[in-house]
Amino acid sequence: MIEPPAPPRIVFRALGPGLYGAAALTLVHESARRVLKHPPRMDVLGMRSLEKGIRFFGGEPAKGRRLHRQTLVGDLVSNGLFFSLVALGRPKRPYLRGAMLGLLAGVGAVVLPPKLGLGRKPSQARPSTSLLTVAWYTLGGLAAARATRKLVASETPVTGALAAGVGATPA
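Report on the accompanying structure.

The rules behind each value
- Residues numbered from 1 in each chain as written.
- Predicted model: local features only at pLDDT ≥ 70, side-chain atom pairs only at ≥ 80, totals over all residues.
- Heavy atoms only, no water.
- Helix = DSSP H or I, 4+ residues; strand = E, 2+ residues; numbered from the N terminus.
- Buried < 20%, exposed > 50% of the residue type's maximum accessible area, 1.4 Å probe, protein only.
- Contact = heavy atoms within 4.5 Å.
- Expected span 1.5 Å × (residues − 1).

**Looking at the side chain of Thr26**
The residue Thr26 is located in helix H1 (residues 8-35) in this model. For Thr26, a relative accessible area of 13% corresponds to the buried category. Once you skip the residues sitting within four places of it in the chain, Thr26 turns out to touch Leu72 and Leu76.

Have a look at this one:
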């Protein structure tokens, strides 16, 4: 029998840090949308994508706020799954993995929408918009890395006896 590359419990534990990174990314996007004059509107790209997908399968997409809420849930789930990859690697260097995955996701969010027929304005309205998109996805990856680091630290406790040197052989 072939063994899975990672035990299932590790895969499920990776979802926590992934959702943490996705929540951080969504929080930054939604906050900036209300404050900045020209923020990256990844929610608009998500709504376009969701509408396109639902129509492709013959359904009728929701409208207005309901569509926006459905998009945010979809963003949290998909970004959570993506950012959970940060926690699946070896315990060393989660920040490097988080930064690289976030950077790749940010560049993809700027480059891919026009090629997928979703328009270019929401992530490329101005050079600063593209830069913020990449920076915020990188922030999401780093947030997932931070949560991964906390998860790993909580799984390897140092007992008081070992920390105090009790039971160690004298030199």
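**Here we look at unusual backbone geometry**
One non-glycine residue, Arg93, lies in positive phi territory at about 60 degrees. As for its placement among the helices and strands, Arg93 is situated in the loop between helix H4 (85-88) and helix H5 (94-115).

**Some words on helix H2 (residues 42-56)**
With 15 residues, H2 extends 21 Å from end C-alpha to end C-alpha; this agrees with the ideal 21 Å at 1.5 Å per step. For H2, the full list of buried residues reads Met42, Asp43, Val44, Leu45, Gly46 and Met47. At the C-terminal side of H2, Gly58 shows a positive phi close to 85 degrees.

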